[in-house]
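Letter by letter, the chains look like this.
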Amino acid sequence: MSFVGAGTALIVALPFAASAAGLIYGKQRLIAQRIAVGGTGLALVLAIVVGITVWGGDIEITTWGTIPTGWVPIVIATRADPLSLTLAVMVAAVAFAVQVYSTSYMSRDPRYGSYAALVSLFTAAMLLVVLSDDLIVLLVGWEIMGICSALLIGHHWELPEARAAAVKAFVVTHLGDMGLLIGFLVLADLAGSFQVSVIATNVEPSTTLTVALVLVLCGVAGKSAQVPLHVWLPDAMAGPTPISALIHAATMVAAGVFLVGRLYDAYLLAPVAMAVLAVMAAVTMVFAALSALAQDDLKRVLAWSTTSQLAYMLGGLAVGGYSAGLFHLISHAAFKALLFLAAGAIAHAIGTTLLSRMGGLRTELRRTYWIMTIGLAALVGVPPLAGFFSKESVLSAAEDAAVHGGPLPGWAAWLVLIAGLLTVLLTAAYATRAWLLAFHGRPSEAGAHEPPPAMRLPLYGLSAATIGLGVLGFWLPGALDRGVRPDGVQLHWITAILSLLLLVGGVYAAYTTWLREAQRDPATSLGRAAPVFADGMHVDAIYEATVVRPVYTLARLVVAGDRYVIHPYVTGTGRVVRALGAVPQAAQRGKVQQYVTAVLVAVVVLALVGVAVR
Amino acid sequence: MTTLLHLAIALPLAGCITLALLPAPTGRRLAPTVGLVTSALTLLVVLAVVVVFDRGDAGRVQLLADVEWAPTLGLSWRLGVDGLSLPFVVLTALLVFSCLLYTVRIKPPGGRLRAFVALVLLLEVGMIGTFLALDLVLFFLFFEVVLIPMWFVIAWWGEPKDQPGRVAAANTFILYTLLGSAIMLVGFLYVGSQAGTFDMLELARRGGDGLSANVQLLAAIAIVGGLAVKVPLWPLHTWLPDAHAKAPTVGSVLLAGVLLKMGSYGLVRIAVPVVPDGVRQIAPVLGGLAAVGIVYGALACFAQRDLKRLVAYSSVGHMGFVVLGVATMTPAGLNGSVFAGLAHGLITGLLFFLAGAVKDRHGTSEFDELGGGMYARLPRLGALVTFAAIASLGLPGLAGFWGELLAIVGAFRPSAVLDRPYFLVLLTVAVIGAVLTALYLLVTVRRVCQGEDSIGPRLPVLGDVTRHEIASWGPLIALTVLLGLWPGLVLTLVDPVMQGVGL
């Protein structure tokens, strides 16, 4: 067994073991902290070491065992290639930051032990998704992640909104996962294997392949919170803030984007599936950005921005920008983790994340202010931060596909490009609005304090990444490409200038409105649209009326049917049978014992006769 | 080595007889110990079988015992074990051991402990015998042995507050299942008379050769119909909710954990190999009813107001997957049926233990009276309920997933002699049922475990899960995780048998 093979398995096993140990020693806070931080930290170090080892080398697949199914076997195999290890480093790094941050943020929480263990399990599951070569094994990690997210979102289970959000997160994503599962079966049927490495080489363009890949997109839409399965993510911020950072940056939502990247060879063969992905991404991008405009909760603004940014990544992948989409995934992980942890710092300081109760925080929370500013600037795409380069590379890829053709129909590429540019404007507007409302204007809270060191250090680290990844931007995606895709990342001047103009326009619009409204919420100028945007276009209410309530009505019908139709029918048949027979007369008088005894006697007699006859 | 199989049946029988013969005061005092020791020894014997069993040749029947018993009746004492029966025998021995270990400290309501333990041991005789029998008549005999003890367990030790209700539940149970097994026996006798033998191995080897299509159809209807009551297949399930809900904890655990599996095992062991063409003809009906049952069971759970009843109804849905796997008549589907059955035994067994623990502590398992906040009141019990619910909804990485996955694989690629588009529709229905299952289980966790603890002050003495309970449930929890992470443990045993079965 090679070093790389053992290493990739250990990267998953370490946080998994940390989770098991954490459950056992959860009561002793100090030990639980060491286990949680240590397990994730070791996984991070190992991911970096293995990553450096395989960098530029071949894809290395290590098989650990085969499980017969009676059909296509499940192969337990780990996979080391630039994509999986880059993402492993990303996941472990964000998880490490979250664990360190949580030692302080959750220090007064009586349930820290189980919390930290679940975060470790969550991390292990995501690492399994990233490092597995077999789709069914990937699905195991995928679903464990789903349940971990539900349990962590429901961490404050005393609160009704946390309980509801937890169930919603799991069930909505699970719904998408059923499509995913069937999609995997169709792929395995076509390729004769669940292994990505085999599927990549064995499939050919066909309608069946398109169907399979569109089914896979159901799961992607669920996990990466795309329309129409996006509804769980805004509510999911009911969980503790570090969990939001974890879900929105490194795990869970990243998995959907990663999966499209993982199956990219197959997607390139299915233009229709790519077009579906492009439409989904374009709609989600604008939809989520509009919804973000009118939120009152800072975490909700960030949640909708995640949905919108994930659509950028998927849009990038759809137009053929493999490295562009994944580059945006990585840079987004850095700045979104930063934004959520900074939002946590604000919550820690003033006890709320509602924008309407903030204002003028820049004087009291100086450090948090600057950190938040860096994060929001990266989100908006201000050069030379990471977000600028990664977003521009997506837009450039879209322009390329629109003008020169790509792996999808031209109209779909245009759609992504136009939606992408429009979203730049909207993103600039909502980010500026949140920034102004939180840090500028009249101070509304007194006595705010800066976060303690254990919370500050991860923020500094992530700030450095948010700035640094932009500089690395020209090198990293190219390296990611090595041996996979030769397209690389390009920046086109036309789209860059256009989007910078839109960016300035968005900032300007939000700023002038803010001034005009006497430093109150600029969203009020949206008029009657504001509450609609704030409620995410009422999609929840629509689902409630068309899906949830009918299910409960059906459930009541079923129970009534059981009691009044099926049971009498079956017992009725029973009575007829009994009436026909002589023996069960006793039973009709309620003396079942006699009947039973008769059967028992019959059995014994039969046995004795058997022995005697012999 | 064959002695091991005889011992696995003789030991619990000996324990049962010993208890019956002991003088009353001694018997009453020693009953739990005798039960525990007997079931522990039986478990050891079964584990010895696992050690002796040649795993490399799991498709072959091993440790074969074949003694002519009543040649004039065509009856033989024929026992053996292969990769299909071995996991079920282990499951049975393990669950009975767990139950009797549990009984040492937590007595069923209704006293008469000696009779209770003796009957549980008698149940074990029937259950293990059913899984080991290789003769149709012998199979039927063991199948019947189980019924009577279970009637007593439900009627005498069931729900203490509802004497008429528990007797009615026990009566419904026994009338349904007796009727079912009578029909099954008719099918067996018909096959036996037509083929000239009751030897299950010989019949399976012939695979229906020499039996005309009509004979096979009639036999399949009788055998499958009879077994379907036991499984139970929708719409023959209405005995189940009452029987499970009214039975004492140990009774519910064994009912759900093992008794239902006797039905599904019979489908895989007898119906499909012996009259394959007959099963093929009714497979669309079978699969359709199974798929309806999956959704129906899930929907019914939404409207339940009692934890125990909810767990009972959840079985209807889970067993739907078990039957759906059979109906596909493919190795994958049959593997799935077996795996789903085993996983259901572990997970639903655990759920009934937990529901019993909830009831012991609160005197009720009704949601309205329980209120919420079990995490606050009894954190360890709450955590275990959550774990079991997650396992039950079929989360990958826990045992419940693999059976459902393989049943779905089977429906995705059903046997070539079946209509694929039809099975794809069933697959879709089943998958919707799986999502609904996830929803009601999580809603149940939310309702019982989370939220405000409204009950705390009213019940001052409420201990959390004890060490003794952990010891009793431990094997189930451990196996749920182990089989979830390494399903190959069972599939390498079952798959070689299933490769030879089906059309």
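Residues numbered from 1 in each chain as written. Chains lettered and ligands numbered in written order. Predicted model: local features only at pLDDT ≥ 70, side-chain atom pairs only at ≥ 80, totals over all residues.

## Considerations on the overall build of chain B
For step 1, the next point in the chain: Counting its secondary structure elements, chain B contains 21 helices and two strands.
For step 2, the next point in the chain: Since a compact globule built from 503 residues should have a radius of gyration of about 23 Å, the 21 Å found for chain B is in line with a globular shape.
For step 3, the next point in the chain: Overall size of chain B, expressed as C-alpha extent along the three principal axes, is 70 × 60 × 45 Å. (Helix = DSSP H or I, 4+ residues; strand = E, 2+ residues; numbered from the N terminus. Rg over C-alpha atoms; globule rule 2.2 N^0.38 Å.)

## Focus: the overall build of chain A
For step 1, the next point in the chain: Scanning chain A for helices and strands turns up 26 helices and two strands.
For step 2, the next point in the chain: Relative to its full complement of 614 residues, chain A shows a buried share of 59%.
For step 3, the next point in the chain: Contacts in chain A between residues at least 24 apart in sequence constitute 79% of all its contacts with a sequence separation of at least 6. (Buried ≥ 20, exposed ≤ 12 C-beta atoms within 10 Å, placed from the backbone. Contact = placed C-beta atoms within 7 Å.)

## Concerning the nonpolar core
For step 1, the next point in the chain: Grouped together as the largest cluster of nonpolar side chains are 447 residues, with contacts concentrated most on Val94(A), Ala278(A), Ala337(A), Val416(A) and Ala430(B).
For step 2, the next point in the chain: Per-element accounting of this core gives the leading share, 19 residues, to helix H15 (residues 322-350) of chain A. (Core = buried A, V, L, I, M, F, W, Y, C linked by C-beta atoms within 7 Å.)

## A closer look at unusual backbone geometry
For step 1, the next point in the chain: Pro383(A) connects to Pro384(A) through a cis peptide bond whose omega is 5°.
For step 2, the next point in the chain: Secondary-structure assignment places Pro384(A) in the loop between helix H17 (366-380) and helix H18 (386-404).
For step 3, the next point in the chain: In this chain, Val231(B) is followed by Pro232(B) through a cis amide linkage whose omega measures -10°.
For step 4, the next point in the chain: Structurally, Pro232(B) is set in the loop between helix H9 (213-230) and helix H10 (239-246).
For step 5, the next point in the chain: Here Ala225(A), not a glycine, exhibits a phi torsion of approximately 50°, which is positive.

## Side note on the interface of chain A and chain B
For step 1, the next point in the chain: Each side of the interface is counted separately: chain A has 48 residues, and chain B has 55 residues.
For step 2, the next point in the chain: Secondary structure elements with two or more residues in the side of chain A that touches chain B: strand S1 (60-67), helix H5 (135-153), helix H6 (160-191), helix H24 (539-580) and helix H26 (592-613) of chain A.
For step 3, the next point in the chain: Tallied by class, residues from the side of chain A that touches chain B come to 33 nonpolar, eight polar and seven charged. (Nonpolar A, V, L, I, M, F, W, Y, C, P; charged D, E, K, R; others polar.)

## What to know about the pairing of S1(A)
When a strand is regular, its side chains alternate between the sheet's two faces.
Residues and elements named next belong to chain A.
For step 1, the next point in the chain: In the sheet, S1 pairs with strand S2 (residues 74-80) via seven bridges, with the strands oriented antiparallel. The partner of Thr66 across the bridge, within S2, is Val75.
For step 2, the next point in the chain: Hairpin remark: S1 followed by S2, antiparallel, with six residues in the connecting loop; positive phi at Gly70, about 90°. (Pairing = 2+ DSSP bridges.)

## Re the environment of Arg60(B)
For step 1, the next point in the chain: Secondary-structure assignment places Arg60(B) in the loop between helix H2 (24-52) and strand S1 (62-70).
For step 2, the next point in the chain: Each C-alpha atom, one on Arg60(B) and one on Val81(B), is 8.4 Å from the other, the two residues being 21 residues apart in sequence.

## A few points about the environment of Val250(B)
Residues and elements named next belong to chain B.
For step 1, the next point in the chain: Among the secondary structure elements, Val250 is positioned in helix H11 (residues 249-274).
For step 2, the next point in the chain: Sequence separation of Val250 and Gly158 is 92 residues, and the distance between their C-alpha atoms is 9.8 Å.
For step 3, the next point in the chain: When sequence neighbours within four positions are dropped, the list of residues in contact with Val250 reads Cys99, Tyr102, Thr103, Pro108 and Val120.

## Re helix H8 (residues 207-223) of chain A
Residue and element names in this part refer to chain A.
For step 1, the next point in the chain: The end-to-end C-alpha distance of H8 is 25 Å, a good match for the 24 Å that 17 residues give at a rise of 1.5 Å each.
For step 2, the next point in the chain: Burial within H8 is extensive, with 13 of its 17 residues counted as buried.
For step 3, the next point in the chain: A positive backbone phi angle near 50° is found at Ala225, which sits one or two residues after H8. (Expected span 1.5 Å × (residues − 1).)

## Considerations on the packing of helix H6 (residues 147-157) of chain B against helix H7 (residues 163-195) of chain B
Residue and element names in this part refer to chain B.
For step 1, the next point in the chain: Where H6 contacts H7, the two axes come as close as 8 Å, and the packing angle between them is 165°. As judged from the angle between their axes, H6 and H7 are roughly antiparallel. Handedness of the crossing formed by H6 with H7: right-handed. Of the residues in H7, those touching H6 at Leu147, Met150, Trp151, Ile154 and Ala155 are Arg166, Val167, Ala169, Ala170, Phe173, Ile174, Thr177 and Leu178.
For step 2, the next point in the chain: Tallied by class, residues from the contact of H6 with H7 come to 11 nonpolar, one polar and one charged. (Axes fitted to C-alpha atoms, helices over the stretch in contact; angles between N-to-C directions. Parallel < 35°, antiparallel > 145°, perpendicular 65-115°, else oblique. Left-handed = near helix turned anticlockwise from the far one by under 90°.)

## Some details on the packing of helix H4 (residues 113-132) of chain B against H11(B)
All names here are of chain B.
For step 1, the next point in the chain: It is at 10 Å that the axes of H4 and H11 come closest, and there the two elements cross at 20°. Taken together, the axes of H4 and H11 lie roughly parallel to each other. You can see that H4 and H11 cross each other, and the crossing is left-handed. Mapping the contact onto sequence places Val120, Leu123, Met127, Thr130 and Phe131 in H4 and Val250, Leu254, Val258, Met262 and Tyr265 in H11.
For step 2, the next point in the chain: Among the residues forming the contact of H4 with H11, the class breakdown is nine nonpolar, one polar and no charged.

## Overview of the confidence of the model for chain A
Residue and element names in this part refer to chain A.
For step 1, the next point in the chain: This prediction gives chain A a mean pLDDT of 83; 88% of its residues lie at or above 70.
For step 2, the next point in the chain: Confidence, read as mean pLDDT per element, is least for helix H25 (residues 585-588) in chain A (44) and greatest for H8 (93).
For step 3, the next point in the chain: Here residues 482-486 is a poorly scored stretch, pLDDT under 50, and it has seven contacts once near neighbours within four places are set aside; other chains count. (pLDDT = per-residue confidence, 0-100.)

## Looking at the environment of Met374(B)
For step 1, the next point in the chain: Assignment of secondary structure puts Met374(B) in helix H16 (residues 374-377).
For step 2, the next point in the chain: In this structure Met374(B) touches Leu381(B), Gly382(B), Val385(B), Val448(B) and Cys449(B), once residues within four positions along its chain are discounted.

## Description of the pairing of strand S2 (residues 75-81) of chain B
All names here are of chain B.
For step 1, the next point in the chain: Counting buried residues in S2 gives five out of seven residues, a clear majority hidden from the surface.
For step 2, the next point in the chain: Bridging between S1 and S2 involves six bridges; their strand directions are antiparallel. The residue of S2 that forms the bridge with Glu68 is Ser76.

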